[in-house]
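Topology and contacts: notes
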Amino acid sequence: MFKPPESDFIIKDRHRAALAPISTTDYPDFDWLRIFLASAVFWVHAGSVEHFNFAGDLFVQIFFALSGFLIGGIILNMNKADLPRFFYNRTIRIWLPFFAAVTLLYSVAYLKEGAAPYFWQSLAYDLTFTHNFFIQKTPEVIAALPMNGTGAHFWSIAVEEQFYLMAPIVILFVSFAKYWMTWVAIAILATLLGTWYGNVSAGVLAALLQRRFGNWHIHPGAILALIGAGGLAIAFWVAGTVEYRYLVPLLAVVVVLLCARPGHRTRLGKWAGGISFPMYLNHWIGLFVASIIANRLPGLGVFTSDIIGFALSLGVAAYAYKLIDLKLYTYRAAWYRPALGYASVIVVYALMALGLVFGLYLIGELNGAPGGL
């Protein structure tokens, strides 16, 4: 039977639908949460605002829980055929801006001081998302890293990328991994073992609870319960009754759920949320300049120098967002081809495998077993 040819309009419309990213709910408060957390990390690293220092780790853990909630929600709406597209999107959205930041930092470090003792090892771990496995945060190691550990915050990017690599496999290929009780167990186990994945797992758990019970967390009673749970966790933390590492997943996911209010993102909010990632990656530039100002103009004061450095970091983040992140986000759908998706899958897993082999090889060398793993 003769079938009339489809019009160009229909073909193009189907093409757009195939390339469209998986739909997600908009949470306007997340934009402001992101920029707050990225800015707070700047001030923690600046060290001039004493009362921020105790919460430095908490800010990063909230980032982890936020990633678990958002990316977990995306994965839960996927099927196995979506994996190439998922990894392609992560490559464009996260990995390319991260590699640009790594290139900038290590280039400056090399020009400033040459190859520090841990220069090449640190670079290899950053490029393969294994920083958190093999770089110990001791004073001796930090001092040996490029520019005295200026890029030490990249460990958190490695943790998130490991989640991006493993979560789709677990959720899509393990049948019971789509049940929220499973993630209760995973979050508890990851926390008790002292890993960084407890907070990310708590975020996935929150996404599953929303999927199962709807927007339960925005009802007045639930809001009061979340605030109460967060308050109790803080009280136990301050009193020293329960160790911080056991409480932080609860604190982080409470903050995320309190901010997870569906709504319309404003243009300013999108911009603020958009610059948060380059702000987090490149805030060392403002810290570097603030240090120079404080040394050359001591009369200006350290805090004033940090304010100037903070403003500069925001400016750098805004420029990087416009130059890199925004363009990548705008055009990634049009650039997508299935072959690029499959290539993304292969490359990201291969990179991490190389990083693990390299790190284990060096450990074997240090333990007197050359070439042994």
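For the structure, check the block above.
Read on for an overview of the structure. These figures come from a predicted structure and were not determined experimentally.

Conventions we followed
- Residues numbered from 1 in each chain as written.
- Predicted model: local features only at pLDDT ≥ 70, side-chain atom pairs only at ≥ 80, totals over all residues.
- Heavy atoms only, no water.
- Axes fitted to C-alpha atoms, helices over the stretch in contact; angles between N-to-C directions.
- Helix = DSSP H or I, 4+ residues; strand = E, 2+ residues; numbered from the N terminus.
- Parallel < 35°, antiparallel > 145°, perpendicular 65-115°, else oblique.
- Left-handed = near helix turned anticlockwise from the far one by under 90°.
- Contact = heavy atoms within 4.5 Å.
- Buried < 20%, exposed > 50% of the residue type's maximum accessible area, 1.4 Å probe, protein only.
- 1 Å grid on protein atoms, 1.4 Å probe; cavity = no way out; pocket = protein on both sides within 12 Å on 5 of 7 lines; lining within 4 Å.
- Points joined across faces, edges and corners; volume = space filled by probe spheres on them.
- Nonpolar A, V, L, I, M, F, W, Y, C, P; charged D, E, K, R; others polar.
- Phe/Tyr/Trp six-rings, centres within 6.5 Å; stacked < 30°, edge-to-face > 60°.
- Lys NZ or Arg CZ within 6 Å of the ring centre and 35° of its normal.

Turning to the packing of helix 3 (residues 56-76) against helix 10 (residues 197-213), a few remarks are in order. Between helix 3 and helix 10, whose axes approach to 7 Å, the crossing angle comes to 45°. One way to sum up the angle between helix 3 and helix 10 is to call them oblique. Seen along the crossing, helix 3 lies across helix 10 with a hand that is right-handed. Where helix 3 abuts helix 10, its residues Gln 61, Phe 64, Ala 65, Gly 68, Phe 69, Gly 72, Gly 73 and Leu 76 lie against Asn 199, Val 200, Gly 203, Val 204, Ala 206, Ala 207, Leu 208, Gln 210 and Arg 211.

Before going further, it helps to examine the environment of Thr 304. For Thr 304, the location among the structural elements is in helix 15 (residues 302-335). Judged by its relative accessible area of 33%, Thr 304 falls in the partly exposed class. The spacing of Thr 304 and Ala 339 is 35 residues in sequence and 51 Å in space, taken between C-alpha atoms.

A few words now on the layout of surface pockets. Each pocket or cavity is described by its volume, and for the largest pocket that value is around 1,200 Å³. Residue lining of the largest pocket: 41 residues in total, with Arg 34, Leu 70, Arg 90, Arg 93 and Tyr 329 positioned closest to the centre. Looking at the lining of the largest pocket, the elements that each hand over two or more residues are helix 2 (28-46), helix 3, helix 4 (83-113), helix 8 (154-173), helix 13 (267-282) and helix 15. Sort the elements by how many residues they give to the lining of the largest pocket and helix 3 lands first, with eight residues. What lines the second largest pocket is a set of 30 residues, among which His 45, Gly 149, Thr 150, His 283 and Leu 287 lie closest to the centre. Split by residue class, the lining of the second largest pocket holds 15 nonpolar, ten polar and five charged.

A few words now on the packing of aromatic side chains. Two descriptors summarise a pair of aromatic rings, namely the distance from one centre to the other and the angle between the planes of the rings. Under the defined criterion, the tally for this structure stands at 29 aromatic pairs. Ring centres 5.8 Å apart and planes at 85° place the aromatic pair Phe 64 and Trp 155 in the edge-to-face group. Taken together, the residues Phe 64 in helix 3 and Trp 155 in helix 8 connect sequence positions 91 residues apart. When the centroid spacing of 5.7 Å and the interplanar angle of 55° are considered together, the rings of Tyr 125 and Phe 358 count as tilted. With Tyr 125 in helix 5 (residues 119-127) and Phe 358 in helix 16 (residues 338-366), this residue pair connects regions lying 233 residues apart in the sequence. For Tyr 125, a relative accessible area of 5% puts it in the buried group. Three or more aromatic residues joined by ring pairs make a cluster, and in this case those are Trp 95, Phe 98, Phe 99, Phe 129 and Phe 154. Arg 85 extends its terminal NZ or CZ atom over the ring of Tyr 336, reaching a point 4.6 Å from the ring centre. Lying over the aromatic face of Tyr 164, Arg 90 brings its terminal NZ or CZ to 5.5 Å of the ring centre.

This model, assessed by the stated rule, comprises one cavity of 30 Å³ or more. For the largest cavity, the calculated volume is near 50 Å³. Broken down by secondary-structure element, the contributors of at least two residues to the lining of the largest cavity are helix 4 and helix 5. Looking at the lining of the largest cavity residue by residue, the classes come out as five nonpolar, five polar and one charged.

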